[in-house]
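Residue-level structural notes
So the chains spell out like this:
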Amino acid sequence: MKILVLNSGSSSLKYQLIDLDNNQVAAKGIAERIGVRTAEGASLTFQTNERPARTISADMPDHEEAMRLVFQALTDPEDGAIRSICEISAVGHRVVHGGERFVEPTLVTEETLNEIDAMSELAPLHNPPNLAGIRACRRVMPDVPQVAVFDTAFFAPIPKRAYIYALPYELYEDFGVRRYGFHGASHQYVSSRARQLLREGGRDVSGIRIVSCHLGNGCSASAVVGDRPIDTSLGMTPAEGLVMGTRSGDMDPAIIPFLMRRTGMTPDDIDDLINKKSGLLGISGTSSDMRDIQSRAEAGDERAALAFEIFCYRVRKYIGAYAAAMGGLDVVVFTGGIGENSPDVRAAICHGLEFAGVVIDRSKNDGFRGEGDVSAEGARVRVMVIPTDEEMMIARETAEVVTRLLEPAAHN
Ligand code: ADP
């Protein structure tokens, strides 16, 4: 079964054609600068298993045109990945916010689209471009089933004590002010992969207590017991919790009215401040990119060193808090661009958690690539590095929905 996975941003469209029969990516690429008038112009990259990436420059005034070009590339008789669109069993769309309405992957209908649209108030930057991608795709391939897979859905089971803020309860009832959590596909993928690897190693994983740390440009930590999340660090929006590339994560909420009164900042200015000018960038004053932060810190830049320290300290605090929330800790998983690639970040986060049974093997951790265990022999907690694969998770969820909904007879 081949599933096309789409992730639409405001001016970009990432796609992967995943063959679930062999768990391989048959083709992938990204359309960039959609609807943006720049000297560079819009472009589409395309690569398959057999052929290296090629870039196609073309006019892309909107997502629909980008979609058309993706299909042209996929079915190109010379170097495409499939002969016709009929080979695609379904399309899985990443949608950022499902609110309380969408707690599982959902077949797309006109009604679903209207409901996702209504959810845009909660994710004004993300849901509208996600919707534009789905609508464009439905126009270009109307006969292929489409499924929306929500970034928030994995966290639907977290208990009320974890998702209700200590604000007047009516704000939750009237406006949906609560924690939803994001990066769901990533936390779901890496926590289930960790369980699978441990099960293969002969361990009983029922009730296993995992903290998964997704550390990329956006960062989040989740507490998962068995296959059930019980808490997560991102909140009503993707701004809470850990320090991120440009987002602040946790801070005293009263700083906001203070700054508004003191500087005359508007709500939009504050949005910009906490989402685009804070985090590693805000502390260091130079970069949101962990590679830059590390090399500047090594070269003696004190602000970069402080950004690194605060970043790691915050993750360590969350691991400790979630261990307490779960009544113990069995596994810490690192993923995302930073979690997968920075041994120094992993070591700095774990340093100080030895009391909880977290001990990294320095020689395994340094230069570690790929998927595996970097904890010391005999340590009580397994520290694992697992490259995330959100697209694979979305493809699997999509396949499950279409198999269940469109072929009910097969499951009776
Ligand atoms: P996104 O959240 O946008 O998907 P990624 O998961 O790709 O982003 O993570 C990007 C982050 O990963 C950047 O801060 C980048 O500096 C960091 N990163 C990538 N490779 C390394 C590395 N070798 N060492 C340290 N940080 C790295």
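Described below are features of the structure shown in this document. Keep in mind that this is a model prediction, so the values were computed, not measured.

Thresholds, definitions, all that
- Residues numbered from 1 in each chain as written.
- Predicted model: local features only at pLDDT ≥ 70, side-chain atom pairs only at ≥ 80, totals over all residues.
- Heavy atoms only, no water.
- Buried < 20%, exposed > 50% of the residue type's maximum accessible area, 1.4 Å probe, protein only.
- Helix = DSSP H or I, 4+ residues; strand = E, 2+ residues; numbered from the N terminus.
- Arc of directions from axis to C-beta.
- Contact = heavy atoms within 4.5 Å.
- Pairing = 2+ DSSP bridges.
- Axes fitted to C-alpha atoms, helices over the stretch in contact; angles between N-to-C directions.
- Core = buried A, V, L, I, M, F, W, Y, C linked by side-chain atoms within 4.5 Å.
- Phe/Tyr/Trp six-rings, centres within 6.5 Å; stacked < 30°, edge-to-face > 60°.
- Lys NZ or Arg CZ within 6 Å of the ring centre and 35° of its normal.
- Disulfide = S-S within 2.5 Å.
- Parallel < 35°, antiparallel > 145°, perpendicular 65-115°, else oblique.
- Left-handed = near helix turned anticlockwise from the far one by under 90°.
- Polar contact = N/O pair within 3.5 Å; in protein donor to acceptor, adjacent residues only side chain to side chain.

Observations concerning helix α2 (residues 110-118)
Buried within α2 we find Thr112, Leu113 and Ile116. The buried residues of α2 occupy an angular sector of 100 degrees when projected down its axis, which confines them to one face. Turned more than 90 degrees off the buried face of α2, the exposed positions are Glu111 and Ala118. Packed against the buried residues of α2 are β6 (88-95), β7 (106-107), α3 (127-140) and β8 (146-150).

What about the sheet that holds β7?
Taken in spatial order, the 8 strands line up as β5-β4-β3-β2-β1-β6-β8-β7 in an open sheet, and their pairing is mixed. Edge strands, defined here as strands with exactly one partner in the open sheet, are β5 (54-57) and β7. Here helix α15 (residues 390-406) sits on the sheet and contacts β1 (2-8), β2 (13-19), β6, β7 and β8; the angle it forms with β6, its principal contact strand, is near 125 degrees.

A few points about the sheet that holds strand β9 (residues 209-215)
Read across the sheet, 6 strands follow the order β11-β10-β9-β12-β14-β13 without closing on themselves; strand pairing throughout is mixed. The sheet terminates laterally at β11 (228-232) and β13 (372-373), the two strands that pair on one side only. Sheet contacts for helix α11 (residues 302-326): β9, β10 (219-225), β11 and β12 (331-335); angle to β9, the most-contacted strand, approximately 155 degrees. Sitting on the sheet, helix α13 (residues 343-350) is in contact with β9, β12 and β14 (382-385), with an inclination near 150 degrees to β12.

What to know about the nonpolar core
Leu215, Phe311, Ile319, Leu329 and Val345 are the most contacted members of the largest nonpolar core, which totals 42 residues. Taken together, the elements giving at least two residues each to this core come down to β9, β10, α10 (290-298), α11, β12, α13 and β14. Counting residues per element, this core draws most heavily on α11, at 11 residues.

Here we look at unusual backbone geometry
Even without being glycine, Arg33 reaches a positive phi, approximately 60 degrees. Counting through the fold element by element, Arg33 comes out in the loop between β3 (24-32) and β4 (43-48).

Focus on the packing of aromatic side chains
Applying the stated criterion across every chain yields a total of 5 aromatic pairs. Here Phe154 and Phe155 contribute two aromatic rings whose centre-to-centre distance is 5.3 Å and whose plane-to-plane angle is 65 degrees, an arrangement assigned as edge-to-face. For the pair formed by Phe154 and Phe155, the shared burial category is buried. On the basis of an interplanar angle of 70 degrees and a centroid distance of 5.6 Å, the ring pair of Tyr318 and Tyr322 is categorised as edge-to-face. Remark: Tyr322 and Tyr318 occur in helix α11; sequence separation between them is 4 residues, near one turn of the helix. Tyr318 gets classed as buried once you look at its relative accessible area, which sits at 13%. One aromatic cluster is present, formed by Tyr163, Tyr169 and Tyr172 through successive ring pairs. Here the guanidinium or amino end of Arg178 rests over the ring plane of Tyr163, the centre of that ring lying 3.5 Å away.

Some details on the pairing of β8
Remember that side chains alternate between the two faces of the sheet whenever the strand is regular. Here β8 lies mainly inside the structure; 5 of its 5 residues are buried. Going residue by residue along β8, you find Gln146, Ala148 and Phe150 tucked away on one face and Val147 and Val149 tucked away on the opposite face as well. Pairing geometry for β6 and β8, over 5 bridges, is parallel. Paired with Arg94 across the bridge in β8 is Val149.

Some thoughts on the state of the cysteines
This model, assessed by the stated rule, comprises 0 disulfides. Of all cysteine sulfurs in the structure, the one in Cys137 sits closest to Cys86, which takes part in no disulfide; the separation is 14 Å. According to the relative accessible area criterion, Cys86 is exposed, its value standing at 72%. The cysteine Cys219 is free of any disulfide, with Cys213 supplying the nearest cysteine sulfur at 9.6 Å. Overall, Cys219 belongs to the buried group, its relative accessible area being 0%.

Some thoughts on the packing of α10 against α11
Between α10 and α11, the shortest axis-to-axis distance is 8 Å and the interhelical angle comes to 125 degrees. Here α10 lies oblique to α11, going by the angle between them. Relative to α11, α10 is oriented so that their crossing is left-handed. Residues Met290, Ile293, Gln294, Arg296 and Ala297 of α10 touch α11, and the partners they reach there are Ala304, Ala305, Ala307, Phe308 and Phe311.

Let's talk about the side chain of Ser375
Within the element layout of this structure, Ser375 appears in the loop between β13 and β14. Residue classification places Ser375 among the buried residues on the basis of a relative accessible area of 0%. At a separation of 3.1 Å, a polar atom in the side chain of Ser375 contacts the side chain of Arg382. Ser375 has contacts with Val359, Ile360, Asp361, Lys364, Val381, Arg382 and Val383, leaving out every residue within four places of it along the chain.

Focus on the packing of α11 against α13
With their axes 8 Å apart at the nearest point, α11 and α13 run at an angle of 55 degrees to one another. With respect to their mutual orientation, α11 and α13 come out oblique. Relative to α13, the crossing made by α11 is right-handed. Residues Phe308, Phe311, Cys312, Val315, Arg316 and Ile319 of α11 pack against Asp344, Val345, Ala348 and Ile349 of α13.

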